[in-house]
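Each chain is listed here by its residues.
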Amino acid sequence: MSAAGSEVCGPEAVALRPPDVVMRLARMGAAHQTRLSFLRAMLRHAVRERWQFTRPRFDIDARGVGVAVYRVGVGERTYSLVAFGHDLAPEQRTDRVIAEAWDATFALYDGVPDDAEIERLRRNVPVQEAGRYLPSDLILARANRSVRLFDRVVGALSDGRQPDAAEMEATGYLMRTTAVYGNGKFGIADRAVIAGRPEFAGPFRAEMLTVYLIRAFTADLVEHMAVLRGGARAATLAPPLRRRLGIGNATGLGMAPFLVRHPALIDRWMTARETALARVRALPVATRGQQEHFIRALAGARRQVAGWTTDDPVQAPRIAALAADLERLRAHVGTGAFDGPMPWDRLYRWAEHALSVEGQEMLVSLLIEPHGALVDDLAETMAIDEAEVFRIDGAMRVRDLAAILDSTYAWARAADFSQPAANARFWYVSEEKLEPRLGQRADEPGAELEQPLAVARDVESLRAVLARAPPDETLAAFLLRAPEHRHTVRRVQISAHHPYGEVRDNLIAADLRAIDLLRCKLAFFGVTRFDPQSDKWLRITLFQGAPYPHELHDGDWDGWIWGVADAQP
Amino acid sequence: MIVSLNEIESLALKSARGAGMSWGLAEEAAVAASWLAARSLPWAETLADLLAQQPVACQPRIEGDAIAPSRAGARLCPILTGALLSDVGVSVRPIKVRDILAPLWLAPFVARWTTPGRAVRLAWGEVSLAIGPNTLSNPGAAAMEALAAPFTSCVEIALVPGADTAHSLRQRNRDGYPVADDAWRALQLLEHRTYVPASAQSRLSGAGAGLLDND
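Below or above, wherever it landed, is the structure these notes cover. Owing to the predicted nature of the structure, the values given are computational and were not obtained by experimental measurement.

All names here are of chain A. Within helix α17 (residues 398-408) the residues assigned to the buried category are V398, L401, L405 and T408. For α17, the angular spread of buried residues about the axis comes to 110 degrees, placing them on one side. Those residues of α17 that are exposed and angled more than 90 degrees off the buried face are A403, D406 and S407. Close packing links the buried residues of α17 with α18 (455-468), α19 (475-481) and α20 (486-497).

Next up on the list: the interface of chain B and chain A. Each partner contributes to the interface: chain B provides 40 residues, whereas chain A provides 55 residues. Counting residues per element, the ones that place at least two in the side of chain B that touches chain A are β1 (2-3), α1 (5-18), α2 (23-38), α4 (78-88) and α8 (200-205) of chain B. Ranked by residue count, the leading element in the side of chain B that touches chain A is α2 of chain B, at five residues. Here the side of chain B that touches chain A is built from residues that sort into 15 nonpolar, 17 polar and eight charged.

Summarising the sheet, strand β4 (residues 95-101) of chain B and strand β7 (residues 151-161) of chain B pair through six bridges and their orientation is antiparallel. Residue pairing for β7 of chain B: L101 of chain B is matched across the bridge by F151 of chain B.

This paragraph deals with unusual backbone geometry. All names here are of chain A. Even without being glycine, F204 reaches a positive phi, approximately 60 degrees. In this fold, F204 is placed in the loop between α7 (191-194) and α8 (205-230). Given 26 C-beta atoms within a 10 Å radius, F204 is considered buried. Look at F543: it is not a glycine, yet its phi comes out positive at around 65 degrees.

All right, on to the nonpolar core then. In this structure, V222 and L367 of chain A together with A29, A33, V110 and I131 of chain B are the most contacted members of the largest nonpolar core, which totals 236 residues. Contact partners of I131 of chain B, with chain neighbours within four places excluded, come to A107, V110, A111, T114, A119, V120, L122 and L136 of chain B.

The next thing to look at is the sheet that holds strand β2 (residues 66-74) of chain A. Residue and element names in this part refer to chain A. Here we have nine strands laid out as an open sheet, ordered β1-β2-β3-β4-β5-β6-β7-β11-β10, and mixed in their pairing. The two strands at the open ends of the sheet, each matched to only one other strand, are β1 (52-60) and β10 (528-532). Geometrically, the sheet is characterised by an average inter-axis angle of 25 degrees between neighbouring strands, direction not taken into account. Packing of α8 onto the sheet brings it into contact with β1, β2, β3 (77-85), β4 (104-110), β5 (137-145), β6 (173-181), β7 (246-251) and β11 (538-542), and relative to β6 it is tilted by some 150 degrees.

Okay, the sheet that holds strand β3 (residues 66-69) of chain B next. Residue and element names in this part refer to chain B. One open sheet accounts for six strands, arranged β2-β3-β4-β7-β5-β6; its pairing is mixed. Lying at the two open borders of the sheet, with one neighbouring strand each, are β2 (60-63) and β6 (127-131). The average undirected angle you get between the axes of adjacent strands in this sheet is 25 degrees. Where α4 meets the sheet, it contacts β2, β3 and β4, and its direction lies at approximately 160 degrees from that of β4.

So, on to the pairing of β2 of chain A. Bridge analysis of β1 of chain A against β2 of chain A gives seven bridges, and the strand direction is antiparallel. Across the sheet, residue Q52 of chain A finds its bridge partner in β2 of chain A, namely G73 of chain A.

What counts and what doesn't
Residues numbered from 1 in each chain as written. Chains lettered and ligands numbered in written order. Predicted model: local features only at pLDDT ≥ 70, side-chain atom pairs only at ≥ 80, totals over all residues. Buried ≥ 20, exposed ≤ 12 C-beta atoms within 10 Å, placed from the backbone. Helix = DSSP H or I, 4+ residues; strand = E, 2+ residues; numbered from the N terminus. Arc of directions from axis to C-beta. Contact = placed C-beta atoms within 7 Å. Nonpolar A, V, L, I, M, F, W, Y, C, P; charged D, E, K, R; others polar. Pairing = 2+ DSSP bridges. Core = buried A, V, L, I, M, F, W, Y, C linked by C-beta atoms within 7 Å. Axes fitted to C-alpha atoms, helices over the stretch in contact; angles between N-to-C directions.

Laid out in structure tokens, this is it:
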């Protein structure tokens, strides 16, 4: 880090991007993974702490039915992924979270399950939400085969051939998870059980470990089924080809409210990323090594974008524009962009005018990439104890809350809620599926059961009421009179100290694309290849290009996500 | 049954909302329920009884060092009153709360006043609870019924030195949290009121995904 001179040029030198830029849906919906993303931080932790992976059990038959156990030694603790394979009829295979049967189901278990525990899990895990679980069960998940690719890979390997690389690249995974549950769902462990453990202190680390092990299971499964079918003739996947298999995921509205319900947490995530960007932009020079690293990552990004396809009419042209952006960036970098003072900052400011929002956000990721020593500590600042910010300060006066509204919620004035287009949608929970849904206020029943996600409208309503309240009145007294504003008052007080806590757009607008919320969250997870299937759900890929557990401690995998790791055998 | 704190928070939130509380008060009920459950205090029965009584109809009124119903003959809601105590912040003078339902539910709110050097004592009937930031005096088996009292005419709240807490709290998060089936089901009935029944249109458009997935 001394070569970078970062110690003489602190993060104060370049301001963080303001929330009015960062927290807009159009930009959140163009977010990309960075090296602070949770699955990358999880793998770095695994490498640093030398996690030990074994597969003590793999009892799966030729139809894919049976049990497998993957074990992870983390210091003095052990975790086990217990995987159940099932024989699923094609008509039961659906991406929707509401399905009732899957090709494979999983639990991440705290410790080493004995036979009785595996039997308990076998009675519950295959039925997922219909089962009950214990605090020893940390994560619950399920996945379906990507049928065509799965069958072709098993077919090729059982004939002793490698599968077609282009076909594998086009799909990118053998199985797609359709839900990954943590934090107390259906009786599994509350987050508090594991939040104090260093390996799971960051957000969603246990979920990411689970998905990582599921990916290993899918690759092992096709090789195993090929042997059962082809016998001695069967081949195993060539390691570089094998690594191009990630794990898929289908994500819908169920994930969207999370970003809105956890403003203080989202502020931590955004602050970490924006601080990383500001630290990089503040660097006085770009070393030769950093320049080369950046150029390698850029080449990887161009390959990644070239392989990123979607039929979505909004996202497809954005990908094309991003490809053009990256070509423009490559050309710009080739013409002396690193010369002169504060080259990273100049590069970012160039991009503000030269690139699309997708391109700018990809550049954010690429700028952060070569500076692990400067920014990786920030990955450990992305969790928060939300209980600390829950209490409302009722001694605050009406006038002071109104002042926060003026300074932090000016954006909420943009929508005119007397117009149907601004008030067009409502978020609700469906009785049939117990999942979040988005309805049309004018056409569908149930708006009186709306969830409290219409932040802009509720803030404007609060603003109007505060304007008529005595300025000296305490919030304690105000809230006794007006308890219907209590949830909004809490948000406003949180936002005063968590500038990136609020999505600064109207979440019930007629033109809302709910997948913008999903994309932002998924980028923080570390996923790639966002493939919208509508404005309400999308498919994505995780861990594509990542080393498998048995490879993790051989070589330097830091840049795996760009396909630029240094030591791939 | 055995449940998680997350399930408790979620059910308390939705059942309080289903019983007519504002979202902000329902959030208070959720966090309070989790606080009580983490300390093995009888949250579910008391909440189910409380929510059956339309408790937020009467506002609390501050009268000197007492908080009382604003209407004669009415009863205070401990969640509304607790939220007021939390909002106002620590009171150095002892406070009396009069005519209140489910007095146990004041505990999670005045617990927010505590610091390592400052505990709070809540007393009503035979109950005396000393609450620290991570400690709770052992109420004793005999007091369990009194803890779950549906009503009391007076709760006394006073600051006490922080060391006055015998029973150190160990959250039972390794074992899960037992809850009475009857109370759980009663709360689920209220929770159910927050859900929107499916319509033909919502089935088509509500979530987006819907196709079989065999590609």
